[in-house]
Amino acid sequence: MNRLPVLVAFLSLAALADEPPPAPLWVSLQVAVVPSLDPSGKPWKVQLLERRDEKDDVFADKPVPARGNLELKVVEKHLYSLRLKTADGDIWLTDSEPFEAANSMAVRKLEPKAEKVRGLVTIGKRPLAQARLTFGTEDGRESVSLTSKEDGTFRGRSSAVRALASRGGLGVAPSPSRGRRGRDPQ
């Protein structure tokens, strides 16, 4: 009995169609930040977040040039969000809804707004020095930290205050400043 060899071939649909999958189209995203410096006088940082599986992944993390205009390359028809951070890492602004970069040149403008905050941190009636206060929204989209002085006073600007005040609540979490060890005075 003669046996004939059997040839088995696997072909993909792309090979049958004789067409390679289309390459992603990169487009320019122009981000304008006004003002170009954060409240401490340092350049803002812009994070480009790409939406994947209902989660935001950091796609780019760049400082804003002195002129306030930043160009980022993104893939067309993907979903993105922008996050604006201070040079010290405080989150001042995050897009509430993702956007799609659908044009050959998309433009986004970020104008961080802030309210002046000031106050006194005490334990009982005694001022608490070097307390780190974090003003933030419940969803974590905005978070700004300030540190109290030796007399317990603090002063600064926070973007989260406006958002929280408009919702009728202000969440402030005090914690010891970085580098401070030991227990708080009693």
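Keep in mind that what you see is a predicted model, and the values were worked out from it rather than measured.

Caption draft 1: The packing of aromatic side chains, seen in detail. One pass over the full model with this rule turns up four aromatic pairs. Between W44 and W92, the aromatic rings sit 5.4 Å apart at their centres with planes inclined by 70°, giving edge-to-face as the arrangement. Residue W44 is located in the loop between β1 (26-33) and β2 (45-52), and its partner W92 is located in strand β6 (residues 91-94); the two are separated by 48 residues in the primary sequence. Overall, the relative accessible area of 4% leaves W92 in the buried class. Consider the rings of Y80 and F99, whose centres lie 6.4 Å apart with planes at 45°: the pair is tilted. On the criterion of sequence distance, the pair formed by Y80 in strand β5 (residues 79-85) and F99 in strand β7 (residues 99-100) is long-range, its members being 19 residues apart. There is no split in this pair, since Y80 and F99 are both buried. Taken together, the ring pairs connect W26, F59, Y80 and F99 into an aromatic cluster. Across the ring face of F99, the terminal group of R108 is positioned such that the distance to the ring centre comes to 4.1 Å.

Caption draft 2: View of the nonpolar core. Membership of the largest hydrophobic core comes to 23 residues, with the highest contact counts inside it found for L29, V31, V33, V46, L48, L72 and L82. Elements supplying a minimum of two residues to this core: β1, β2, β4 (69-75), β5 and β8 (105-110). If we skip the residues at most four places from it in the chain, L29 touches L48, L70, E71, L72, V74, L82, F99, A106, V107 and R108. If you look at the next biggest cluster of nonpolar residues, it comprises eight residues, including V117, F135, L146 and F154.

Caption draft 3: Representation of the side chain of T94. Note on placement: T94 falls in strand β6. What makes T94 buried here is its relative accessible area of 5%. Side-chain polar atoms of T94 contact the side chain of R83, separated by 3.4 Å.

Caption draft 4: Inspection of the pattern of salt bridges at higher detail. Under the counting rule described, the total for this entry stands at six salt bridges. As a salt-bridge pair, E71 and K73 come within 3.2 Å of each other at their nearest N and O atoms.

Caption draft 5: Structural detail: the side chain of K85. Residue placement: K85 occurs in strand β5. Beyond its immediate chain neighbours, meaning those up to four positions away, K85 contacts W44, K45, Q47, D90, I91 and W92.

The rules behind the values
- Note that residues are indexed from 1 along each chain, following the sequence as it is written.
- In view of the model being predicted, local features appear only for residues whose pLDDT reaches at least 70, and side-chain atom pairs are presented and counted only at 80 or more, with totals across whole chains, interfaces and linings using the full set of residues.
- Note that water and hydrogens are dropped before the side-chain values are worked out from all heavy atoms of the structure.
- For Phe, Tyr and Trp, where Trp contributes only its six-membered ring, two rings pair if their centres lie within 6.5 Å, and the inter-plane angle classes them as stacked under 30 degrees, edge-to-face over 60, or tilted in between.
- Only runs of H or I of at least four residues qualify as helices and only runs of E of at least two qualify as strands under DSSP, and these elements are numbered from the N terminus.
- For every residue, the accessible area (1.4 Å probe, protein chains only) is compared with the maximum for its type, and the residue is labelled buried under 20%, exposed over 50%, or partly exposed between those bounds.
- Geometrically, a charge over a ring is one whose NZ (Lys) or CZ (Arg) sits within 6 Å of the ring centre while staying within 35 degrees of the ring normal.
- As used in this record, nonpolar core signifies buried Ala, Val, Leu, Ile, Met, Phe, Trp, Tyr and Cys residues forming a set joined through side-chain atoms within 4.5 Å.
- Contacts are assigned to residue pairs with any non-hydrogen atoms lying within 4.5 Å of each other.
- Under this definition, polar contacts are N or O atom pairs within 3.5 Å; protein pairs additionally need one hydrogen-donor-capable and one acceptor-capable atom, and for neighbouring residues in sequence, both atoms have to be side-chain atoms.
- Any Lys or Arg side-chain nitrogen located within 4 Å of an Asp or Glu carboxyl oxygen qualifies as a salt bridge.

Keep in mind that these numbers describe shape and distance, not what the molecule does.
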